[in-house]
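The chain contents come next:
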Amino acid sequence: MTYVDGFVLAVPKANIEAYKEMARTAGDVWKELGAIDYVECIGDDVPYGELTSFPRAVQARDDEVVIFSWITYASREKRDEINAKVMKDPRMQGDTWKEVFDGKRMIYGGFRPFLEL
């Protein structure tokens, strides 16, 4: 069964094109190093909930859009191997991303699927 890393973050609307460029590069790196899928989605129907919601989870402001993304791997072991290589890849070095989004408000985690149809 596969393994999935999931991410939710807020990106200022003014930085969407810069984020898309970063995501394309990151996606290329992850795919080249063995990820099965790399998907980035811009929030389209993500209302601000009364108690919980995607915008609340990342403390999204009015001038920000919510990004939901995931990376799929063959297994947890492959994910760990691939992520170690990704972190060493020269294309993933530097702090440019800090100018594009606030990483402190990003939510991420690894998930073991229990159902795949």
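Attention here is on the structure that accompanies the text. (Residues numbered from 1 in each chain as written. Predicted model: local features only at pLDDT ≥ 70, side-chain atom pairs only at ≥ 80, totals over all residues. Heavy atoms only, no water.)

## A closer look at the packing of aromatic side chains
Consideration 1: The full count for this structure, using the stated rule, is five aromatic pairs.
Consideration 2: Ring geometry for Tyr-19 against Phe-101: centres 5.9 Å apart, planes inclined by 80 degrees, an arrangement best described as edge-to-face. Placement of the pair is Tyr-19 in helix H1 (residues 16-32) and Phe-101 in the loop between helix H3 (76-88) and strand S4 (107-111), with a sequence separation of 82 residues.
Consideration 3: Residue classification places Tyr-19 among the buried residues on the basis of a relative accessible area of 9%.
Consideration 4: Put simply, the rings of Tyr-19, Trp-97 and Phe-101 pair up and form one aromatic cluster. (Phe/Tyr/Trp six-rings, centres within 6.5 Å; stacked < 30°, edge-to-face > 60°. Helix = DSSP H or I, 4+ residues; strand = E, 2+ residues; numbered from the N terminus. Buried < 20%, exposed > 50% of the residue type's maximum accessible area, 1.4 Å probe, protein only.)

## A few points about the pairing of strand S1 (residues 3-12)
Consideration 1: By the criterion of burial, S1 is predominantly enclosed, with 10 of the 10 residues buried.
Consideration 2: The sheet contact formed by S1 and strand S3 (residues 64-73) spans 10 bridges and is antiparallel. Across the sheet, residue Ala-10 finds its bridge partner in S3, namely Val-66.
Consideration 3: Two elements, S1 and S4, share five bridges in a ladder whose sense is antiparallel. In the sheet register, Phe-7 faces S4, and the bridge partner there is Tyr-108. (Pairing = 2+ DSSP bridges.)

## Structural notes on the nonpolar core
Consideration 1: If you look at the biggest cluster of nonpolar residues, it comprises 19 residues, and the most contacted ones within it are Leu-9, Val-11, Tyr-19, Trp-30, Ile-71, Tyr-73 and Phe-101.
Consideration 2: Elements with a minimum of two residues in this core: S1, H1, S3 and H3.
Consideration 3: Of the residues forming this core, the biggest block, six residues, is contributed by H1.
Consideration 4: If near-sequence neighbours (up to four positions away) are discounted, Val-11 is found in contact with Ile-16, Tyr-19, Asp-63, Glu-64, Val-65, Ile-67, Val-100 and Phe-101.
Consideration 5: Among the nonpolar cores identified, the runner-up in size contains five residues, and Val-8, Ala-10, Val-58 and Val-66 belong to it. (Core = buried A, V, L, I, M, F, W, Y, C linked by side-chain atoms within 4.5 Å. Contact = heavy atoms within 4.5 Å.)

## Regarding H1
Consideration 1: End to end, H1 covers 24 Å across 17 residues, agreeing with the expected 24 Å (1.5 Å per residue, within 8%).
Consideration 2: Among the residues making up H1, those that are buried are Ile-16, Tyr-19, Ala-23, Ala-26, Gly-27, Val-29 and Trp-30. In a view along the axis of H1, the buried residues occupy a sector of 160 degrees, so they form one face of it. Opposite the buried face of H1, at more than 90 degrees from it, the exposed residues are Glu-17, Glu-21, Arg-24 and Glu-32.
Consideration 3: Its buried side turned inward, H1 meets S1, strand S2 (37-42), S3 and H3.
Consideration 4: Gly-34 occupies a position one or two residues after H1 and carries a positive phi of about 125 degrees. (Expected span 1.5 Å × (residues − 1). Arc of directions from axis to C-beta.)

## Here we look at the sheet that holds S4
Consideration 1: Taking strand neighbours across the sheet as the criterion, the four strands line up as S2-S3-S1-S4 in an open arrangement whose pairing is antiparallel. Of all strands in the sheet, those bounded by a partner on one side alone are S2 and S4. Each adjacent strand pair in this sheet contributes to an overall mean axis angle of 15 degrees, direction not counted.
Consideration 2: Packing against the sheet, H1 makes contact with S1, S2 and S3, and its axis sits at approximately 165 degrees to S2.
Consideration 3: Most of the contacts of H3 go to S1, to which it runs at about 50 degrees, and overall it touches S1, S3 and S4. (Axes fitted to C-alpha atoms, helices over the stretch in contact; angles between N-to-C directions.)

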